[in-house]
2 protein chains.
Amino acid sequence: MSKAQPVTADSSDAGRSPAPKERRSKADQVYDDVKETILSGRLDPGAAIDKIEICDRLGVSRFPVTTAINRLAFERLVVIEPQHGSFVARISAHDIREYMLVRRALESEIAGEAAGRLSDGERLELSRNLRYQKAAASAKDMPGFYALDVAFHRIIVRSLDLSHASGILEGLRAHLERVRRMLLTPPGRLPKTCAEHAAVADAIVAGDKAKAREAMRAHLEQTTKLFETFVRERPDMFST
Amino acid sequence: MSKAQPVTADSSDAGRSPAPKERRSKADQVYDDVKETILSGRLDPGAAIDKIEICDRLGVSRFPVTTAINRLAFERLVVIEPQHGSFVARISAHDIREYMLVRRALESEIAGEAAGRLSDGERLELSRNLRYQKAAASAKDMPGFYALDVAFHRIIVRSLDLSHASGILEGLRAHLERVRRMLLTPPGRLPKTCAEHAAVADAIVAGDKAKAREAMRAHLEQTTKLFETFVRERPDMFST
DNA sequence: GTCTAGCGTCTGGCATGCTAGCGGCGGGGG
DNA sequence: CCCCCGCCGCTAGCATGCCAGACGCTAGAC
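Calculation rules
Residues numbered from 1 in each chain as written. Chains lettered and ligands numbered in written order. Predicted model: local features only at pLDDT ≥ 70, side-chain atom pairs only at ≥ 80, totals over all residues. Heavy atoms only, no water. Least-squares fit on C-alpha atoms with pLDDT ≥ 70 in both. Contact = heavy atoms within 4.5 Å. 1 Å grid on protein atoms, 1.4 Å probe; cavity = no way out; pocket = protein on both sides within 12 Å on 5 of 7 lines; lining within 4 Å. Points joined across faces, edges and corners; volume = space filled by probe spheres on them. Helix = DSSP H or I, 4+ residues; strand = E, 2+ residues; numbered from the N terminus. Nonpolar A, V, L, I, M, F, W, Y, C, P; charged D, E, K, R; others polar. Domains from an automatic or database assignment. Buried area = accessible area lost by both parts, 1.4 Å probe. Salt bridge = Lys/Arg side-chain N within 4 Å of Asp/Glu carboxyl O. Buried < 20%, exposed > 50% of the residue type's maximum accessible area, 1.4 Å probe, protein only.

**With respect to the relation of the copies chain A and chain B**
Phase 1 of the analysis: The two copies are related by a screw operation: chain A maps onto chain B through 180 degrees of rotation and 0.0 Å of translation along the axis, at an RMSD of 0.0 Å. Read as a symmetry element, the transformation amounts to a two-fold axis. Residue A:Ala105, judged by its C-alpha, is the member of chain A lying nearest the rotation axis, at 2.5 Å.
Phase 2 of the analysis: Of all interface residues in chain A, 94% are interface residues in chain B too; the two copies therefore contact each other through one and the same surface.

**Observations regarding the layout of surface pockets**
Residue and element names in this part refer to chain A.
Phase 1 of the analysis: In this structure, the second largest pocket encloses a volume near 850 Å³.
Phase 2 of the analysis: Lining the second largest pocket are 34 residues, and of these Arg103, Tyr146, Asp149, Val150 and Arg180 sit closest to its centre.
Phase 3 of the analysis: Looking at the lining of the second largest pocket, the elements with two or more residues in it are α4 (93–114), α6 (142–159), α7 (163–180), α8 (189–206) and α9 (209–233).
Phase 4 of the analysis: When residues in the lining of the second largest pocket are grouped by element, the largest group, 10 residues, is from α6.
Phase 5 of the analysis: Residue composition of the lining of the second largest pocket, by class: 16 nonpolar, 7 polar and 11 charged.

**Things to note about the domain arrangement of chain A**
All names here are of chain A.
Phase 1 of the analysis: Looking at the assigned domains, one finds that chain A contains domain 1 (26–88) and domain 2 (93–235).
Phase 2 of the analysis: Here the C-alpha centre of domain 2 lies 29 Å away from the C-alpha centre of domain 1.
Phase 3 of the analysis: Across the boundary between the two partners, domain 1 contributes 10 residues, which contact 6 residues of domain 2.
Phase 4 of the analysis: Between domain 1 and domain 2 the total buried area reaches about 600 Å² when both faces are included, carbon and sulfur atoms providing 55% of it.
Phase 5 of the analysis: Three residues, Leu39, Arg76 and Leu77, lead the burial of domain 1 against domain 2; their summed loss comes to 58% of the area buried on that side.
Phase 6 of the analysis: Taken together, the links from domain 1 to domain 2 amount to 0 salt bridges.
Phase 7 of the analysis: Looking at which element gives the most residues to the side of domain 1 that touches domain 2, the answer is helix α1 (residues 26–39), with 3 residues.
Phase 8 of the analysis: Grouping the amino acids of the side of domain 1 that touches domain 2 by side-chain chemistry returns 5 nonpolar, 2 polar and 3 charged.

**With respect to the pattern of salt bridges**
Phase 1 of the analysis: By the definition in use, this model includes 36 salt bridges over all chains.
Phase 2 of the analysis: Its salt-bridge partner being A:Arg97, residue A:Glu228 comes within 2.8 Å of it at the nearest N-O pair. Within this pair, whereas A:Glu228 is found in helix α9, its partner A:Arg97 is found in helix α4, the two being separated by 131 residues in sequence.
Phase 3 of the analysis: Exposure remark for A:Arg97: the relative accessible area of 35% places this residue in the partly exposed category.
Phase 4 of the analysis: For B:Arg173, the salt bridge goes to B:Glu170, with nearest N and O atoms at 3.6 Å. Note that B:Arg173 and B:Glu170 are positioned in helix α7 (residues 163–180) at a spacing of 3 residues, about one turn of the helix.
Phase 5 of the analysis: For B:Arg173, a relative accessible area of 27% corresponds to the partly exposed category.
Phase 6 of the analysis: Overall, B:Glu170 belongs to the partly exposed group, its relative accessible area being 25%.

**Comments concerning empty space enclosed by the protein**
Phase 1 of the analysis: In total, this model carries 2 cavities of 30 Å³ or more according to the counting rule given.
Phase 2 of the analysis: Estimates place the volume of the largest cavity at around 80 Å³.
Phase 3 of the analysis: Broken down by secondary-structure element, the contributors of at least two residues to the lining of the largest cavity are α4 and α9 of chain A together with α4 (93–114) and α9 (209–233) of chain B.
Phase 4 of the analysis: Tallied by class, residues from the lining of the largest cavity come to 2 nonpolar, 2 polar and 8 charged.
Phase 5 of the analysis: Lining the second largest cavity are A:Met100, A:Arg103, A:Arg104, A:Leu176, A:Leu220, A:Thr223 and A:Thr224.
Phase 6 of the analysis: Of all the secondary structure elements, the ones that give two or more residues to the lining of the second largest cavity are α4 and α9 of chain A.
Phase 7 of the analysis: When the residues that make up the lining of the second largest cavity are grouped by side-chain class, the tally is 3 nonpolar, 2 polar and 2 charged.

So this is what it looks like as structure tokens:
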């Protein structure tokens, strides 16, 4: 019933602090919100996205919502069927295979590039991360280990200044995050994963580009294989 | 020079056949138009994009234009400065290096994956393409050779069914296309490029994954080196 | 002469009303 | 009873009007 008008104190900022925050557009906020909703699994793959509900919930008009959905469609987290509706992208085994291939390609190339280029601070960070990984593996602390795993890969990527590649990898991570939940890693794999990470780190610190590439490829190929066995066990969880 | 990806039937006889209606939105049209304008160089890097002019020229409202510009900003061909303006992205040597890294990563991984998987038809296409390349190299037909070069890489990528990776590579090609114009390949390189392509094709046909990866990496590393020498010669042509 | 403050203009961001096309559902005919 | 067809409601797409912020220019003060 709000008659258009500026989004001043009462309509949009209801109960919100006058944050001197970063200059984030409303489209950005909607984008983050919807993406989080999808990744958390609160919206199942294939579910219809109700734009109006989003408008009401976030107190914005349809414009920023459309912009955000378009962005999500661009990175294939949602599919838009013209004049019909917007839906959360289904998880297809074929697509996941492809995302894993792209990740394998990028991360191995980046590992090779990072070889010998790491600063002392990053080396320390890497070795500390590995120590923590071993500790988490011993304690069978899966969530902790996962966080360290993600951090490990991020340290390497961030060591170079690759905004575009980082963006692609973050996009991939969004997709792969959706399958990780089902992909319960067998407990016995943790030490192996640790060893693979250590091999990658060693090659990078030693400055051996080819070896770093291959170590990272080998590591990520393990993940791919894990996925393939899972697909054979539960083919029902994927489309096409 | 071919268009984007959709492999659907082209609009050969519009207005005659009723069924294959053009399902392209206006935003898509604007996207293609502006992208083509940027890639052709009619809009210099750093130039301001006049949305109103686009609206008038294409006879659409600001909405599809904004949508298209947003998409182009997403793939970094334009940068949007909020409340100030939209500009054609400048060409920075650092970014180009990164794009080349990503391309190297993806294409080499894909070459490895394609090894042994090519159909007979694709093998024939590849060998025919190589024959033509040799002919174009002998005749010093640079434009023809370039077209064949692009086609060569496309055959390999298309042999697998990788829509996401293809999309990324097409996006990269858009950026790299902008520098290719300045990057006048020394005439002596054509036979070498041919040989590199042949090595890639041989490894793929032989089904040797590691060899195919390495051959493709080596090939694309040559391109990177060519770029680096050019940057040293003409650092003025790049920003930052 | 120089620096600064204020205003004008230009741009992107947002709200909202309207249109066209797809799908589902119910009614009518076979 | 079943199938087909047309109507209705839904959605994305589009047009348009308004708002707020960022530059730039100019005029006024020091």
